[in-house]
Amino acid sequence: MTTKNIMIVGVGGQGSVLASKLLGHLLTSRGFDVKVSEVHGMSQRGGSVVTYVRYGEKVYSPVTDKGQADFIVSFEILEAARWIEYLAPEGRIVTSTQQIDPMPVLTGAMTYPENLLHEIQNTGAKIDALDCLTLAEKAGSPKAVNLVLLGRLSHYFPDIPQEAWQKAITECVPAKFLDLNRRAFELGRNA
Amino acid sequence: MKQLMQGNTAAARGLYEAGCFFASSYPGTPSTEITEELAKYDEVYCEWAPNEKVAMEAAFGASLAGRRSFCGMKHVGLNVAADPLFTVSYTGINAGMVICVADDAGMHSSQNEQDSRHYARAAKLPMLEPSDSQEALEFFRIAYDISEEFDSPVIVKMCTRIAHSQSLVETGERKEIPARPYEKNIAKYVMMPGNAIKRHPVVEERMRRLAEYAETSPLNRVEEGSDNSTGIITSSTCYQYVKEALGDKYPVLKLGMIWPMPDRMIREFSGHVGRLVIVEELDGFIEEHCRALGLQCEGKSLFGYLGELSQNIIADKLGVPVHSGVKLSESVKIPARPPMMCAGCPHRGIFYALKQAGCTVLGDIGCYTLGAVAPLSAMEMTLCMGASVSALHGFSKAGGKNAVAVIGDSTFMHSGMTGLANIAYNQSAGVVIILDNSITGMTGHQQNPTTGRNIKGDPAGKIDLESLCRAMGFGRVRVVDPYNLKECADALKEELSAGEASVIISRRPCALLKYVKHNPPLKVDAEKCKGCKSCMRIGCPALSMKDGKARVDSTLCVGCGVCKQLCKFGAFIGGE
């Protein structure tokens, strides 16, 4: 099989680390070769952040390049738009509809683009847009957006049984947050 | 079973398995996690040193005493440690000594994009370069064997994409290495001219033997291809990009040992292929070496000197078609999302006060470098660790007025103290502001000599900044709370007009520290808010304007109350 690519994009501090850890764990347990790449340091301070998860029989490069992402999992809709060039022609975006104003918007130097969802759809890209924040709050915490997104993403992996996802969640999430994260995953999966 | 492991974690595992006994490092992205992970093994003594030079000298001392030692740093840290580096090459070692340098092509979190491979050649030291986590583990382990066999420190060079990428790793067991006895050897270890002159030929002979080792070492290998019209020499993460882009099409010479290079192996490889292409990030280190061997090759003419490469760049330059990605309509303008100071960051208040005072702010390396970003735009110079304080002295002596230096607690310990000594000794007027947030922030909360905790979080020695500055001869040392804008403004006004050098310590712990208690989020009284945007001048991510009124994001606000002090209309509620 050719190498598959999942990109996780968002704003520093939104919880992409757990999402990539969980995916890496899950895909490793399925017997794939896996590489996960992220960047630490200055960009984490509220900046745009990206994590690459790549898997297949033999994975070489740790990063996804333009036109290669089978999935872009996005915590914030502007970030989905920012990274859209990385989407493969048949790729799919799974995004939270949350909007977080970046500094140029906060200061009034620029405006948050209008109708971004529509603009993304106009490119022909396949997109699932969910109000993940509301679902995460319903599950018990706004911080559980990552598991809502993964729940939604799990739809597109028919070969990976539900039990494997559950096992990965159990193994990656601290015990005291397990129920919360399971609920968030279910809400995303059934949305 | 194989496990998914970050390159830095795998490096730490390799050090552990090799019987490393002593590690001293200074944090720096992308190298930090190696020492953090190594500190989790109780068998290895680990510490944060005040700077990289101290770390390397400490590691040398441990090697001298007979224990396998390690120091790790980012690329610019090796500049700080360059002094011991060049001479430890002459003395050699007792027990194995391994140095890690982590480059940051693409400058994800750095002030320059230097290529540290030049240090191996300049200091005449062997350098290894892993290309994934498994190799990181193995190369750090092998580095000790090379170090002891050739009586030389060994540099292992990482880069962001190896350090911060996870790939599958098979771990082994730790090998306990008994201490080598320390033996007095003045001719080997005292580098004064008479001795050093005799050591230089030993260094040259060692490099000759290491070059021989490189010819047969499994660290360097040729992978056959189906088409010999082109051959590629590469290393590190570029090897992965080459294999991703081209598969097994062209033969590849993969260098795991980047210095010294295997000249015969390179010549032989070159002889079997048509076009010779060198794929490497940043400088043409391998390429220049090949040219010096008289080989015709291409490299920088195709790939340039800037930033990171990728599979698409390599494919494109070597004639393999690549997908162009999905594109948004050109009318959609995507605002940038630069990093910024967090909500409640204690640096924000003091930078606002500096901006209001119209100071020329000479800056330094840390989270507070973000003080240069709009809307604060309150920093005018950042060079390297410690430069704020040293440059303030020169700036003042040369007639510059109304200037201050800002430097974090950890950076001050790293190399601010020597600059402060120069101000005290050579007597310039200027205000040095130590931004004491009680942690090394940017690299992810490492302890330092001012925090009273060691790398494991246990109680440790604690340097008192006020006493230190007074002992250096500063009569004017005062502490302000950066959440209190008036206190900051008053202190600045007084110290700038004092006519002598002074130190202001702006003290409040990083808002992200777990032990810091926050106030409830503020609210805006929409009746009172006139939409004047005064509060927007501090660049707080928790504040925005909605329908002409200020709005607080309650999920981000930690109730620091700095915005409240800017509001003339009393529109902010809460915060105490």
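Residues numbered from 1 in each chain as written. Chains lettered and ligands numbered in written order. Predicted model: local features only at pLDDT ≥ 70, side-chain atom pairs only at ≥ 80, totals over all residues. Heavy atoms only, no water.

Chemist: Give me the overall build of chain A: which residues, what numbers.
Modeler: Summing up its helical and strand segments, chain A has eight helices and six strands in all. For chain A, the succession of helices and strands along the chain, N to C, is β-α-β-β-β-α-β-α-α-β-α-α-α-α. Against the 2.2 N^0.38 benchmark of 16 Å for 191 residues, chain A shows a C-alpha radius of gyration of 16 Å, consistent with a compact globule. Expressed as lengths along the three principal axes of its C-alpha atoms, the size of chain A is roughly 50 × 35 × 35 Å. Buried residues in chain A amount to 62% of all 191 residues. Here the contacts in chain A between residues at least 6 apart in sequence split such that 64% fall between residues at least 24 apart. Only carbon and sulfur atoms are counted for the fraction: they give 51% of the accessible area of chain A, which is about 7,400 Å². In chain A, which carries 19 positive and 20 negative side-chain charges, the distance between the mean positions of the two groups comes to 6 Å. (Helix = DSSP H or I, 4+ residues; strand = E, 2+ residues; numbered from the N terminus. Rg over C-alpha atoms; globule rule 2.2 N^0.38 Å. Buried < 20%, exposed > 50% of the residue type's maximum accessible area, 1.4 Å probe, protein only. Contact = heavy atoms within 4.5 Å. Areas by Shrake-Rupley, 256 points an atom, 1.4 Å probe, with all protein chains shown as cover. Lys, Arg positive; Asp, Glu negative; His and termini not counted. Charge placed at Lys NZ, Arg CZ, Asp CG, Glu CD.)

Chemist: Tell me about the packing of helix α5 (residues 82–91) of chain B against helix α10 (residues 193–216) of chain B, residues and numbers included.
Modeler: All names here are of chain B. Orientation of α5 relative to α10, taken along the N-to-C sense of each, is 85°, at an axis distance of 8 Å. Considering the angle they form, α5 stands roughly perpendicular to α10. Contacts between α5 and α10 involve Ser89, Tyr90 and Thr91 from the former and Ala196, Arg199, His200, Val203 and Arg206 from the latter. Its residues placed into classes, the contact of α5 with α10 shows three nonpolar, three polar and two charged. (Axes fitted to C-alpha atoms, helices over the stretch in contact; angles between N-to-C directions. Parallel < 35°, antiparallel > 145°, perpendicular 65-115°, else oblique. Nonpolar A, V, L, I, M, F, W, Y, C, P; charged D, E, K, R; others polar.)

Chemist: Give a detailed account of the packing of helix α7 (residues 133–150) of chain B against α10 of chain B, specifying residues and quantitative values.
Modeler: Residue and element names in this part refer to chain B. For the pair α7 and α10, the least separation of the axes is 11 Å and the interaxial angle reads 135°. Considered as vectors, α7 and α10 are oriented oblique to each other. In the crossing of α7 with α10, the sense of the turn from one axis to the other is right-handed. Contacts between α7 and α10 involve Ile142, Ile146, Glu149 and Phe150 from the first element and Arg206, Arg209, Leu210 and Tyr213 from the second. Taken together, the residues that form the contact of α7 with α10 break down as five nonpolar, no polar and three charged. (Left-handed = near helix turned anticlockwise from the far one by under 90°.)

Chemist: Would you mind going over the interface of chain A and chain B in detail, with residue names and values included?
Modeler: With 56 residues of chain A in contact, the opposing surface of chain B contributes 58 residues. For the pair chain A and chain B, the summed buried area comes to about 4,700 Å², and 61% of that belongs to carbon and sulfur atoms. Between Glu85 of chain A and Lys327 of chain B there is a salt bridge; the shortest N-O distance is 3.5 Å. On inspection of chain A and its partner chain B, the count reaches 18 residue pairs in polar contact (both at pLDDT 80 or more). Counting residues per element, the side of chain A that touches chain B draws most heavily on strand β2 (residues 33–37) of chain A, at five residues. Sheet topology places β2 of chain A next to strand β8 (residues 165–169) of chain B; three bridges connect them, and they run antiparallel. By the bridge assignment for β8 of chain B, Val36 of chain A is matched with Gln166 of chain B. (Buried area = accessible area lost by both parts, 1.4 Å probe. Salt bridge = Lys/Arg side-chain N within 4 Å of Asp/Glu carboxyl O. Polar contact = N/O pair within 3.5 Å; in protein donor to acceptor, adjacent residues only side chain to side chain. Pairing = 2+ DSSP bridges.)

Chemist: Break down the domain arrangement of chain B for me, citing the residues and quoting the values.
Modeler: Taken as a whole, chain B is organised into domain 1 (2–216), domain 2 (220–318), domain 3 (347–507) and domain 4 (522–574). On a C-alpha basis, the centroid separation for the pair domain 2 of chain B and domain 4 of chain B is 56 Å. (Domains from an automatic or database assignment.)

Chemist: Explain the sheet that holds strand β10 (residues 230–235) of chain B to me, and be specific about the residues and the numbers.
Modeler: All names here are of chain B. If you walk across this open sheet you meet the four strands as β9-β11-β10-β13, and the pairing is mixed. Only two strands of the sheet have a single neighbouring strand rather than two, namely β9 (220–223) and β13 (275–279). When the angles between neighbouring strand axes are averaged without regard to direction, this sheet yields 15°. Strands β9, β10, β11 (252–255) and β13 of the sheet are contacted by helix α11 (residues 236–246), whose axis makes an angle of about 145° with β10.

Chemist: Provide a residue-level description of the state of the cysteines, including the pertinent values.
Modeler: All names here are of chain B. Counted by the stated rule, this structure contains zero disulfides over all chains. Free cysteine: Cys100, not disulfide-bonded; nearest cysteine sulfur from Cys71 at 8.9 Å. Looking at Cys563, it has no disulfide partner, and the nearest cysteine sulfur is the one in Cys560, 6.1 Å off. Relative accessible area serves as the criterion here: at 8%, Cys563 is assigned to the buried category. (Disulfide = S-S within 2.5 Å.)

Chemist: Provide a residue-level description of the packing of aromatic side chains, including the pertinent values.
Modeler: Residues and elements named next belong to chain B. Scanning the model with the defined rule gives 13 aromatic pairs over all chains in all. Ring centres of Tyr16 and Tyr41 lie 4.0 Å apart, and the angle between their planes is 15°; on these two criteria the pair is classed as stacked. With Tyr16 in helix α1 (residues 7–17) and Tyr41 in the loop between α2 (32–38) and β3 (45–48), the pair connects residues that are 25 residues apart, well separated along the chain. An angle of 65° between the planes, with centres 5.7 Å apart, marks the rings of Trp259 and Phe285 as edge-to-face. One end of the pair, Trp259, is in strand β12 (residues 257–259); the other, Phe285, is in helix α13 (residues 285–292), with 26 residues separating them in the sequence. Take Phe285: its relative accessible area is 0%, and that puts it in the buried class. (Phe/Tyr/Trp six-rings, centres within 6.5 Å; stacked < 30°, edge-to-face > 60°.)

Chemist: Tell me what's going on with helix α1 (residues 16–29) of chain A, and back it up with residues and numbers.
Modeler: Residues and elements named next belong to chain A. Taking 1.5 Å per residue as the helical rise, α1 with its 14 residues ought to reach 20 Å, and the 20 Å between its terminal C-alpha atoms agrees with that figure. Listed as buried for α1 are Ser16, Ala19, Ser20, Leu22, Leu23, Gly24, Leu26, Leu27 and Thr28. At the C-terminal side of α1, Gly31 shows a positive phi close to 90°. (Expected span 1.5 Å × (residues − 1).)

Chemist: Let's hear about the pairing of strand β1 (residues 4–11) of chain A: which residues, and what values?
Modeler: Residue and element names in this part refer to chain A. Counting buried positions along β1 yields seven of eight residues, so the element is predominantly enclosed. Of the pairings in the sheet, the one linking β1 to strand β3 (residues 48–56) comprises eight bridges and is antiparallel in character. Paired with Gly10 across the bridge in β3 is Val49. Pairing of β1 with strand β4 (residues 69–74) involves four bridges; the strand directions are parallel. Residue pairing across strands places Val9 opposite Ser74, the latter belonging to β4.

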